[in-house]
Amino acid sequence: GQLETIQVLLKSGISEADKNTALALAAAHGHLGTVRFFLASGISEADRETALQNAAANGQLEIIRFFLDSGISEADREIALLAAVDYGTLDLVRL
């Protein structure tokens, strides 16, 4: 599946920018396994924030819950809330 493809791409040496794009897209489209994989492999705080914003903007409750359960900072919580408000994803505002 998708996760196996990403693992192959990482082994082939994709750029950091491509890795971060893949994380952002995975978060936006609700691919939790892929998001978990990238977070476990280490990403920058900025890339984590982008993924969180994309998940919030696209109403990906499962991804947002995962971020919340993983102990995100208060600043990241605010980022998710603001993105949810901006994009009208009311279910996320309630989290």
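Residues numbered from 1 in each chain as written. Predicted model: local features only at pLDDT ≥ 70, side-chain atom pairs only at ≥ 80, totals over all residues. Heavy atoms only, no water.

A. Structural context of the environment of E45. Note on placement: E45 falls in helix 4 (residues 45–57). For E45, a relative accessible area of 42% translates into the label partly exposed. Along the primary structure E45 and D76 are separated by 31 residues, whereas in three dimensions their C-alpha atoms are 9.3 Å apart. Setting aside chain neighbours within four positions, we find E45 in contact with S73 and D76. (Helix = DSSP H or I, 4+ residues; strand = E, 2+ residues; numbered from the N terminus. Buried < 20%, exposed > 50% of the residue type's maximum accessible area, 1.4 Å probe, protein only. Contact = heavy atoms within 4.5 Å.)

B. Local environment of the packing of helix 4 against helix 5 (residues 61–69). For the pair helix 4 and helix 5, interaxial distance at closest approach is 8 Å and the crossing angle is 140°. Classed by the angle they form, the pair helix 4 and helix 5 counts as oblique. Here helix 4 and helix 5 pass one another in a crossing that is left-handed. For the pair helix 4 and helix 5, the contacting residues are R48, A51, L52, A55 and A56 in the first and I63, I64 and F67 in the second. Considered class by class, the residues forming the contact of helix 4 with helix 5 number seven nonpolar, no polar and one charged. (Axes fitted to C-alpha atoms, helices over the stretch in contact; angles between N-to-C directions. Parallel < 35°, antiparallel > 145°, perpendicular 65-115°, else oblique. Left-handed = near helix turned anticlockwise from the far one by under 90°. Nonpolar A, V, L, I, M, F, W, Y, C, P; charged D, E, K, R; others polar.)

C. Inspection of the packing of aromatic side chains at higher detail. Under the counting rule described, the total for this entry stands at two aromatic pairs. Consider the rings of F37 and F38, whose centres lie 5.8 Å apart with planes at 65°: the pair is edge-to-face. The exposure class assigned to F38 is buried, which follows from its relative accessible area of 0%. (Phe/Tyr/Trp six-rings, centres within 6.5 Å; stacked < 30°, edge-to-face > 60°.)

D. Examining the side chain of R48 more closely. Relative to the helices and strands, R48 resides in helix 4. One polar contact links R48 to S70, side chain to side chain, over a distance of 3.0 Å. When residues no more than four places from it in sequence are discounted, the contact partners of R48 are L39, I43, F67, S70, I72 and D76. (Polar contact = N/O pair within 3.5 Å; in protein donor to acceptor, adjacent residues only side chain to side chain.)

Interpretation note: all reported values are geometric properties and have no functional meaning in isolation.
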